[in-house]
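Chain and residue survey
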Amino acid sequence: MKKYIAPSLLSADFGNLQRDIEMINNSEADWFHIDVMDGVFVPNISFGMPVIKAINKHAKKTMDVHLMIVEPDRYIKQFKEVGADILTVHYETCPHLHRTIQAIRAEGMKVGVSLNPHTPVSVLEDILSEIDLVLIMSVNPGFGGQSFIEATYKKIQKLTEMKNEANPELIIEVDGGVTDQNIEKLAEAGANAFVAGSFVFGSENPSETIKRLKELA
Ligand code: DX5
Ligand code: ZN
């Protein structure tokens, strides 16, 4: 399966956002990972539509938008308008997940569903064939730079078994604490898209770091 590296702009320098976007454009990264936080579902606020629109103006790669917000259904159309290509909602925020998935697809975006560390992959059993991507949180959502939760490997292995049966095309993305120390093992477990924020932007040469992660994955 194709592997995707998705640097998270949450760790970019917001005062030099265009510079960091160009770095990603010119790197071996595949996607822009864009974290939207509302201060309600998660204890942090990141950015909203005007910033995403500005990112989209310069970004030349897939816009992978991760919504950590309550009632995401209210904004699906707007996220499409500001440039989202993949729209991922949290299972924990969607009481009518099937309806939400359909609404995202109706706007022509790829559909992702994310799970918090405490949410078992089994909750997706009846919906797996309807979605393009599962985003496994390997930290509690809300902040960059947290340490990786080891139980994630097992979770990805389980999801990979479910995927082989129900939806072989499914992308398994992992988000939180991804580094050159765990990416190989995550790929072995079955993940094929990798978000990295602080590890990329905190390194001396972010573009080289992206290249290295891609080689290891
Ligand atoms: C956390 C976000 C992540 C975050 C990852 O809630 O979903 O995408 O930017 O940052 P690192 O790679 O630093 O853990
Ligand atoms: Zn994220």
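This text goes with the structure placed above it.
Here we summarise the structure given alongside this text.

Rules and cut-offs
- Residues numbered from 1 in each chain as written.
- Chains lettered and ligands numbered in written order.
- Predicted model: local features only at pLDDT ≥ 70, side-chain atom pairs only at ≥ 80, totals over all residues.
- Heavy atoms only, no water.
- Donors = N, O, S within 2.8 Å, 3.2 Å for Na, K, Ca; no water.
- Tetrahedral: all angles 85-135°; square planar, octahedral: opposite > 155°, others 65-115°.
- Helix = DSSP H or I, 4+ residues; strand = E, 2+ residues; numbered from the N terminus.
- Buried < 20%, exposed > 50% of the residue type's maximum accessible area, 1.4 Å probe, protein only.
- Pairing = 2+ DSSP bridges.
- Right-handed = clockwise from strand over helix to strand, strands pointing away.
- Near = heavy atom within 4 Å.
- Polar contact = N/O pair within 3.5 Å; in protein donor to acceptor, adjacent residues only side chain to side chain.
- Areas by Shrake-Rupley, 256 points an atom, 1.4 Å probe, with all protein chains shown as cover.
- 1 Å grid on protein atoms, 1.4 Å probe; cavity = no way out; pocket = protein on both sides within 12 Å on 5 of 7 lines; lining within 4 Å.
- Sits in = over half its atoms within 2 Å of the grid points.
- Points joined across faces, edges and corners; volume = space filled by probe spheres on them.
- Nonpolar A, V, L, I, M, F, W, Y, C, P; charged D, E, K, R; others polar.
- Salt bridge = Lys/Arg side-chain N within 4 Å of Asp/Glu carboxyl O.

Looking at the zinc ion (ligand 2), the protein donor atoms are His 33 (NE2), Asp 35 (OD), His 66 (ND1) and Asp 175 (OD), and they sit 2.0 to 2.3 Å from it. Considering all six donor atoms around the zinc ion (ligand 2), angles at the metal cover 70 to 169 degrees and the coordination shape is octahedral. Sequence spacing of the donor residues for the zinc ion (ligand 2), all on one chain, is H-x1-D-x30-H-x108-D. On the criterion of sequence distance, the pair formed by Asp 35 in strand 2 (residues 31-37) and His 66 in strand 3 (residues 62-68) is long-range, its members being 31 residues apart. The exposure class of His 66 is buried, given its relative accessible area of 0%.

Here the focus is the environment of Arg 212. Position of Arg 212 relative to the elements: it lies in helix 8 (residues 206-216). Judged by its relative accessible area of 42%, Arg 212 is partly exposed.

Turning our eyes to something else, we now look at the pairing of strand 8 (residues 193-196). A two-sided burial pattern is seen for strand 8, the buried positions comprising Ala 193 and Val 195 on one face and Phe 194 and Ala 196 on the other. For strand 1 (residues 4-7) and strand 8, the ladder comprises four bridges, and the chain directions are parallel. Paired with Ile 5 across the bridge in strand 8 is Phe 194. Taken together, the three bridges between strand 7 (residues 171-175) and strand 8 define a ladder with parallel strand orientation. Across the sheet, the residue bridging to Glu 173 is Ala 193, located in strand 8. A crossover links strand 7 with its parallel partner strand 8, the connecting element being helix 6 (residues 183-189), and its sense is right-handed.

Turning next to the site of ligand 1. Residues in contact with ligand 1 amount to 20 residues; listed here are only the nearest, Gly 142, Gly 145, Asp 175, Gly 197 and Ser 198. At 2.6 Å, a side-chain N or O of Ser 198 approaches an oxygen atom of ligand 1. For ligand 1, the accessible surface in isolation is 380 Å², of which the surrounding protein chains cover 100%. Here ligand 1 occupies the largest pocket. Among the elements of the structure, strand 2, strand 3 and strand 8 are those that each provide at least two residues to the shell around ligand 1.

In this structure, the largest pocket encloses a volume near 240 Å³. Contributing to the lining of the largest pocket are 25 residues, with Phe 143, Gly 144, Gly 145, Asp 175 and Gly 176 lying nearest its centre. Contributing elements (two or more residues each) for the lining of the largest pocket: strand 2, strand 3, strand 8 and helix 7 (198-201). Within the lining of the largest pocket, the residues separate by chemical class into 11 nonpolar, 12 polar and two charged. Taken as a whole, the second largest pocket encloses approximately 160 Å³ of empty space. Contributing to the lining of the second largest pocket are Val 36, Asp 38, Phe 47, Gly 48, Met 49, Ile 69, Val 70, Arg 74, Tyr 75 and Phe 79. Among the residues making up the lining of the second largest pocket, the classes are represented as seven nonpolar, one polar and two charged.

The next thing to look at is the pattern of salt bridges. If the charged atoms of two oppositely charged side chains come close together, the side chains can form a pair. On inspection of all chains with the given rule, the structure shows nine salt bridges. Measuring nitrogen to oxygen at the nearest pair gives 3.6 Å for the salt bridge that ties Glu 71 to Arg 74. Between Glu 215 and Lys 211 there is a salt bridge; the shortest N-O distance is 3.9 Å. Highlighted residues: Glu 215 and Lys 211, both in helix 8, separated by four residues, approximately one helical turn. With relative accessibility at 32%, the residue Lys 211 sits in the partly exposed group. Through salt bridges with shared partners, one network takes in Lys 2, Asp 30 and Lys 214.

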